[in-house]
Amino acid sequence: MRFTSHRDFARAFERALLRANVPIAYSQGFTPHPKVSYASAAPTGVASEAEYLEIGLRAVVDPAELRLALDAALSPGLDVLEAVESPLNGGGSLADRIDTAAWRIELPGVTVHDAEVALHAFLAAGEVLVERLTKQGRRTFDTRAAVLRLAVAEADPAPADVPSEVTDIPCAILDLVVRQGTPTVRPDDVLSGLRVVADLEPPVPPRATRLAQGVLTEQGELVDPLAEHGDGDRPAAVVGASSL
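Analysis parameters
Residues numbered from 1 in each chain as written. Predicted model: local features only at pLDDT ≥ 70, side-chain atom pairs only at ≥ 80, totals over all residues. Heavy atoms only, no water. Helix = DSSP H or I, 4+ residues; strand = E, 2+ residues; numbered from the N terminus. Buried < 20%, exposed > 50% of the residue type's maximum accessible area, 1.4 Å probe, protein only. Contact = heavy atoms within 4.5 Å. Areas by Shrake-Rupley, 256 points an atom, 1.4 Å probe, with all protein chains shown as cover. Salt bridge = Lys/Arg side-chain N within 4 Å of Asp/Glu carboxyl O. Axes fitted to C-alpha atoms, helices over the stretch in contact; angles between N-to-C directions. Parallel < 35°, antiparallel > 145°, perpendicular 65-115°, else oblique. Nonpolar A, V, L, I, M, F, W, Y, C, P; charged D, E, K, R; others polar. Pairing = 2+ DSSP bridges. Core = buried A, V, L, I, M, F, W, Y, C linked by side-chain atoms within 4.5 Å. Phe/Tyr/Trp six-rings, centres within 6.5 Å; stacked < 30°, edge-to-face > 60°. Arc of directions from axis to C-beta. Polar contact = N/O pair within 3.5 Å; in protein donor to acceptor, adjacent residues only side chain to side chain.

J.: Just to check I follow, could you spell out the overall build of the protein chain for this structure?
T.: The helix and strand tally for the protein chain stands at four helices and 11 strands. Taken over 244 residues, the protein chain has a buried fraction of 36%. Considering only residue pairs separated by 6 or more positions, the protein chain has 69% of its internal contacts joining residues 24 or more positions apart. Taken as a whole, the protein chain presents about 13,800 Å² of accessible surface, with 51% of it coming from carbon and sulfur.

Dropping the structure here:
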(Lines give C-alpha, C1' and ligand atoms only; values in the text may rest on other atoms or scores of the structure.)
Protein backbone atom coordinates (compact mmCIF):
# COMPACT_ATOMS: atom_id res chain seq x y z
CA MET A 1 0.00 0.00 0.00
CA ARG A 2 2.92 2.39 0.47
CA PHE A 3 3.30 2.57 -3.31
CA THR A 4 -0.26 3.87 -3.65
CA SER A 5 -0.18 7.54 -4.66
CA HIS A 6 -2.19 10.18 -2.85
CA ARG A 7 -4.41 10.56 -5.92
CA ASP A 8 -5.15 6.82 -5.91
CA PHE A 9 -5.97 6.96 -2.21
CA ALA A 10 -8.29 9.94 -2.79
CA ARG A 11 -10.15 8.00 -5.47
CA ALA A 12 -10.46 4.96 -3.21
CA PHE A 13 -11.72 7.07 -0.31
CA GLU A 14 -14.34 8.84 -2.45
CA ARG A 15 -15.59 5.48 -3.71
CA ALA A 16 -15.78 4.26 -0.10
CA LEU A 17 -17.94 7.28 0.75
CA LEU A 18 -20.40 6.20 -1.94
CA ARG A 19 -20.39 2.53 -0.95
CA ALA A 20 -20.92 3.41 2.70
CA ASN A 21 -23.83 5.75 1.82
CA VAL A 22 -22.20 8.64 3.65
CA PRO A 23 -24.24 11.86 3.22
CA ILE A 24 -21.25 13.72 1.86
CA ALA A 25 -21.61 17.40 0.97
CA TYR A 26 -20.50 18.68 -2.43
CA SER A 27 -18.98 21.91 -3.64
CA GLN A 28 -20.99 24.31 -5.79
CA GLY A 29 -20.48 25.06 -9.49
CA PHE A 30 -20.49 23.19 -12.79
CA THR A 31 -18.25 20.36 -11.52
CA PRO A 32 -19.22 19.61 -7.91
CA HIS A 33 -16.66 17.69 -5.86
CA PRO A 34 -17.04 15.88 -2.54
CA LYS A 35 -16.01 18.10 0.35
CA VAL A 36 -12.92 16.20 1.43
CA SER A 37 -9.82 17.98 2.72
CA TYR A 38 -6.57 16.06 3.16
CA ALA A 39 -3.92 17.17 5.65
CA SER A 40 -0.22 16.65 4.85
CA ALA A 41 -0.60 13.77 2.42
CA ALA A 42 2.19 11.18 2.67
CA PRO A 43 4.63 10.96 -0.25
CA THR A 44 4.35 7.97 -2.58
CA GLY A 45 6.58 5.12 -1.44
CA VAL A 46 6.17 5.57 2.31
CA ALA A 47 3.83 3.84 4.75
CA SER A 48 1.78 5.73 7.29
CA GLU A 49 -0.10 5.04 10.48
CA ALA A 50 -1.18 8.66 10.94
CA GLU A 51 -3.09 10.16 8.02
CA TYR A 52 -5.83 12.71 8.68
CA LEU A 53 -8.61 14.20 6.60
CA GLU A 54 -11.82 16.20 7.01
CA ILE A 55 -15.14 15.61 5.28
CA GLY A 56 -18.17 17.87 5.04
CA LEU A 57 -21.58 16.23 5.52
CA ARG A 58 -25.15 17.16 4.64
CA ALA A 59 -26.50 15.57 7.81
CA VAL A 60 -25.36 14.74 11.34
CA VAL A 61 -24.06 11.18 11.71
CA ASP A 62 -22.65 9.16 14.59
CA PRO A 63 -18.83 9.25 14.27
CA ALA A 64 -18.42 5.68 15.53
CA GLU A 65 -20.92 4.32 12.98
CA LEU A 66 -19.31 6.39 10.24
CA ARG A 67 -15.89 4.93 11.07
CA LEU A 68 -17.18 1.37 10.91
CA ALA A 69 -18.99 1.95 7.61
CA LEU A 70 -16.01 3.59 5.92
CA ASP A 71 -13.55 1.02 7.25
CA ALA A 72 -15.69 -1.80 5.83
CA ALA A 73 -15.92 -0.05 2.45
CA LEU A 74 -12.18 0.48 2.05
CA SER A 75 -9.67 -2.01 0.69
CA PRO A 76 -7.46 -4.04 3.08
CA GLY A 77 -4.53 -1.91 4.17
CA LEU A 78 -6.59 1.29 4.21
CA ASP A 79 -8.02 1.42 7.72
CA VAL A 80 -10.09 4.10 9.42
CA LEU A 81 -8.91 4.17 13.03
CA GLU A 82 -11.07 6.95 14.42
CA ALA A 83 -13.66 9.54 13.43
CA VAL A 84 -14.57 12.56 15.54
CA GLU A 85 -16.85 15.54 15.08
CA SER A 86 -15.08 18.81 14.35
CA PRO A 87 -15.70 21.65 16.81
CA LEU A 88 -18.45 23.94 15.54
CA ASN A 89 -17.09 27.27 16.71
CA GLY A 90 -13.55 28.60 16.85
CA GLY A 91 -11.94 25.26 16.25
CA GLY A 92 -10.04 26.15 13.09
CA SER A 93 -9.12 23.58 10.47
CA LEU A 94 -7.44 20.24 10.86
CA ALA A 95 -4.32 21.67 9.22
CA ASP A 96 -4.03 24.12 12.14
CA ARG A 97 -3.50 21.14 14.46
CA ILE A 98 -0.68 19.57 12.45
CA ASP A 99 2.77 21.12 12.25
CA THR A 100 5.08 18.23 13.14
CA ALA A 101 5.48 14.58 12.11
CA ALA A 102 7.30 11.57 13.57
CA TRP A 103 8.87 9.02 11.23
CA ARG A 104 10.56 5.63 11.47
CA ILE A 105 13.15 4.99 8.76
CA GLU A 106 14.61 1.52 8.22
CA LEU A 107 18.02 1.31 6.53
CA PRO A 108 18.70 -2.31 5.50
CA GLY A 109 22.39 -2.91 4.93
CA VAL A 110 23.49 -0.01 7.16
CA THR A 111 25.14 -0.76 10.50
CA VAL A 112 24.19 1.08 13.67
CA HIS A 113 27.73 2.45 13.92
CA ASP A 114 27.67 3.93 10.41
CA ALA A 115 24.24 5.43 11.05
CA GLU A 116 25.38 7.02 14.33
CA VAL A 117 28.44 8.56 12.65
CA ALA A 118 26.25 10.03 9.89
CA LEU A 119 23.66 11.34 12.35
CA HIS A 120 26.35 13.00 14.46
CA ALA A 121 27.67 14.83 11.40
CA PHE A 122 24.16 15.87 10.36
CA LEU A 123 23.16 17.18 13.79
CA ALA A 124 26.46 19.02 14.22
CA ALA A 125 26.01 20.91 10.94
CA GLY A 126 24.64 24.45 10.96
CA GLU A 127 22.70 23.73 7.78
CA VAL A 128 22.40 20.82 5.37
CA LEU A 129 21.37 21.88 1.88
CA VAL A 130 19.73 19.39 -0.48
CA GLU A 131 18.09 19.72 -3.87
CA ARG A 132 14.69 18.38 -4.86
CA LEU A 133 12.69 18.53 -8.07
CA THR A 134 9.35 20.27 -7.39
CA LYS A 135 6.49 21.46 -9.57
CA GLN A 136 8.28 24.82 -9.77
CA GLY A 137 11.53 23.18 -10.86
CA ARG A 138 14.62 22.24 -8.87
CA ARG A 139 14.74 23.79 -5.44
CA THR A 140 17.50 23.88 -2.84
CA PHE A 141 16.57 24.06 0.84
CA ASP A 142 17.94 23.39 4.31
CA THR A 143 16.91 20.06 5.85
CA ARG A 144 18.73 20.55 9.16
CA ALA A 145 16.56 23.43 10.40
CA ALA A 146 13.38 21.34 10.21
CA VAL A 147 14.73 18.33 12.12
CA LEU A 148 13.74 18.39 15.80
CA ARG A 149 14.91 14.88 16.66
CA LEU A 150 17.07 12.35 14.84
CA ALA A 151 18.38 9.27 16.64
CA VAL A 152 19.22 5.62 16.02
CA ALA A 153 16.67 3.20 17.45
CA GLU A 154 17.10 -0.47 18.26
CA ALA A 155 17.67 -2.44 15.05
CA ASP A 156 15.31 -5.12 13.83
CA PRO A 157 16.93 -8.58 13.70
CA ALA A 158 15.40 -9.31 10.29
CA PRO A 159 13.87 -6.48 8.22
CA ALA A 160 10.84 -7.37 6.13
CA ASP A 161 12.75 -6.78 2.88
CA VAL A 162 15.34 -9.42 3.81
CA PRO A 163 14.65 -13.13 3.05
CA SER A 164 13.79 -15.11 6.15
CA GLU A 165 16.86 -17.34 5.79
CA VAL A 166 19.21 -14.33 5.93
CA THR A 167 19.88 -13.13 9.48
CA ASP A 168 23.27 -11.43 9.29
CA ILE A 169 22.29 -8.33 7.28
CA PRO A 170 22.46 -5.20 9.47
CA CYS A 171 19.58 -2.74 9.60
CA ALA A 172 19.82 0.61 11.36
CA ILE A 173 16.51 2.23 12.29
CA LEU A 174 16.15 6.00 12.60
CA ASP A 175 13.64 7.90 14.74
CA LEU A 176 12.92 11.21 13.04
CA VAL A 177 10.75 14.09 14.23
CA VAL A 178 10.51 16.93 11.75
CA ARG A 179 8.71 20.26 11.65
CA GLN A 180 6.38 20.52 8.65
CA GLY A 181 7.02 23.86 6.99
CA THR A 182 7.31 25.11 3.43
CA PRO A 183 8.66 23.18 1.71
CA THR A 184 7.89 20.14 3.85
CA VAL A 185 11.05 18.19 4.69
CA ARG A 186 10.44 14.52 3.91
CA PRO A 187 12.35 11.40 5.01
CA ASP A 188 14.08 11.17 1.63
CA ASP A 189 15.28 14.75 2.07
CA VAL A 190 16.87 13.85 5.41
CA LEU A 191 18.48 10.80 3.81
CA SER A 192 19.82 13.07 1.05
CA GLY A 193 21.23 15.28 3.80
CA LEU A 194 22.96 12.29 5.40
CA ARG A 195 24.48 11.49 2.04
CA VAL A 196 25.71 15.09 1.71
CA VAL A 197 27.36 15.38 5.14
CA ALA A 198 28.52 11.78 5.69
CA ASP A 199 28.31 9.99 2.32
CA LEU A 200 25.77 7.55 3.80
CA GLU A 201 24.28 5.55 0.93
CA PRO A 202 22.10 2.56 1.93
CA PRO A 203 22.67 -0.41 -0.43
CA VAL A 204 18.96 -1.31 -0.20
CA PRO A 205 16.11 1.20 -0.68
CA PRO A 206 15.11 2.57 2.76
CA ARG A 207 11.59 2.12 4.13
CA ALA A 208 9.88 5.03 5.88
CA THR A 209 6.72 4.94 8.00
CA ARG A 210 4.95 7.98 9.38
CA LEU A 211 4.03 7.13 12.96
CA ALA A 212 2.35 10.31 14.17
CA GLN A 213 1.35 13.85 13.26
CA GLY A 214 0.24 16.71 15.44
CA VAL A 215 1.20 19.94 17.16
CA LEU A 216 4.46 20.24 19.06
CA THR A 217 4.02 21.67 22.56
CA GLU A 218 6.50 23.85 24.45
CA GLN A 219 7.38 20.73 26.47
CA GLY A 220 8.51 18.96 23.30
CA GLU A 221 5.56 16.57 23.03
CA LEU A 222 3.73 15.82 19.80
CA VAL A 223 0.00 16.06 20.52
CA ASP A 224 -2.50 14.04 18.46
CA PRO A 225 -4.80 16.46 16.55
CA LEU A 226 -7.88 14.41 17.49
CA ALA A 227 -7.03 14.03 21.18
CA GLU A 228 -9.23 16.92 22.35
CA HIS A 229 -12.25 15.71 20.42
CA GLY A 230 -12.04 11.92 20.60
CA ASP A 231 -13.63 9.45 22.99
CA GLY A 232 -11.09 10.05 25.74
CA ASP A 233 -9.08 6.90 25.08
CA ARG A 234 -6.48 8.52 22.83
CA PRO A 235 -3.30 9.71 24.52
CA ALA A 236 -2.83 13.47 24.26
CA ALA A 237 0.94 13.21 23.86
CA VAL A 238 1.79 10.61 21.25
CA VAL A 239 5.57 11.02 21.15
CA GLY A 240 8.35 12.90 22.85
CA ALA A 241 10.08 15.20 20.40
CA SER A 242 12.76 17.07 22.29
CA SER A 243 15.19 18.92 20.06
CA LEU A 244 18.74 17.61 19.61
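J.: Is there a simple way to think about the pattern of salt bridges in this case?
T.: When the charged atoms of two side chains lie near each other, side chains of opposite charge can form a pair. Counted according to the given criterion, the structure contains nine salt bridges. A salt bridge links Glu51 to Arg210, with the nearest nitrogen and oxygen atoms 2.8 Å apart. Placement of the pair is Glu51 in the loop between β2 (47–48) and β3 (52–55) and Arg210 in strand β9 (residues 207–216), with a sequence separation of 159 residues. Among the residues examined, Arg210 registers a relative accessible area of 3% and is labelled buried. Ionic contacts of the salt-bridge type, sharing partners, join the residues Arg104, Glu106 and Arg207 into one network.

J.: How should the packing of helix α3 (residues 112–124) against helix α4 (residues 187–198) be read in this particular structure?
T.: Helix-helix packing: each pair is described by the crossing angle between the helix axes and the interaxial distance. Where α3 contacts α4, the axes come no closer than 9 Å and their chain directions differ by 90°. If you check the angle between α3 and α4, you find them roughly perpendicular. When α3 is examined against α4, the residues Ala118, Leu119, Ala121 and Phe122 are found in contact with a partner set consisting of Val190, Gly193, Leu194, Val197 and Ala198. Split by residue class, the contact of α3 with α4 holds eight nonpolar, one polar and no charged.

J.: Just checking my understanding: could you explain the pairing of strand β8 (residues 171–179) for this structure?
T.: Side chains on a regular strand alternate between the two faces of the sheet. Most of β8 sits inside the fold, with seven of its nine residues counted as buried. Two strands pair when backbone bridges link them, and strand β4 (residues 100–108) and β8 are joined in this way by nine bridges, in the antiparallel orientation. In the strand pairing of β8, Glu106 is matched with Ile173. Here six bridges tie strand β7 (residues 147–153) to β8, and the two strands are oriented antiparallel to one another. Paired with Ala151 across the two strands is Asp175, which belongs to β8.

J.: Looking at this model, I keep getting lost on the nonpolar core. Mind explaining?
T.: In globular proteins that are soluble, nonpolar side chains generally tend to be buried together. Ranked by internal contacts, the top residues of the largest apolar core, which has 26 residues, are Leu150, Leu174, Leu176 and Leu194. Secondary structure elements with two or more residues in this core: β4, α3, β7, β8 and α4. Those residues in contact with Leu174 that sit more than four places away from it in its chain are Trp103, Arg104, Ile105, Leu107, Ala115, Leu119, Leu150, Ala151, Val152, Leu191 and Leu194. Ala12, Ile24, Leu66 and Leu74 belong to the second-largest nonpolar core, a separate cluster that totals 14 residues.

J.: Whenever I open this one, the environment of Ser86 confuses me. Can you help?
T.: Among the structural elements, Ser86 can be located in the loop between α2 (63–73) and β4. As a C-alpha pair, Ser86 and Ile55 span 31 residues in sequence and 9.6 Å in three-dimensional space.

J.: Sorry, what's going on with the packing of aromatic side chains here?
T.: How two aromatic rings sit relative to each other is set out by the distance from centre to centre and by the angle between their planes. The full count for this structure, using the stated rule, is two aromatic pairs. Taking the centre distance of 6.1 Å and the plane angle of 35° together, the rings of Phe9 and Phe13 count as tilted. On the criterion of helical spacing, the pair formed by Phe9 and Phe13 is a turn pair, its members being four residues apart in helix α1 (residues 6–19). With 6.0 Å between their ring centres and 70° between their planes, Phe9 and Tyr38 make a pair best called edge-to-face. Pair noted here: Phe9 is in helix α1 and Tyr38 is in strand β1 (residues 36–39), with a separation of 29 residues, a long-range link. These aromatic residues form a ring-pair network of at least three members: Phe9, Phe13 and Tyr38.

J.: What's the story with α2 in this structure? I'm lost.
T.: Side chains that are three or four residues apart share a direction in an α-helix, a result of its 3.6 residues per turn. Residues of α2 that are buried: Leu66, Leu70 and Ala73. Down the axis of α2, the buried side of the element spans an arc of 60°, and every buried residue falls inside it. For α2, the exposed residues lying more than 90 degrees away from the buried face are Glu65, Leu68 and Ala72. Tucked into the core, α2 has its buried residues touching α1 and β3. Structurally, the start of α2 carries an N-cap: the backbone nitrogen of Ala64 is 3.1 Å from a side-chain oxygen of Asp62.

Geometry only, nothing functional implied.
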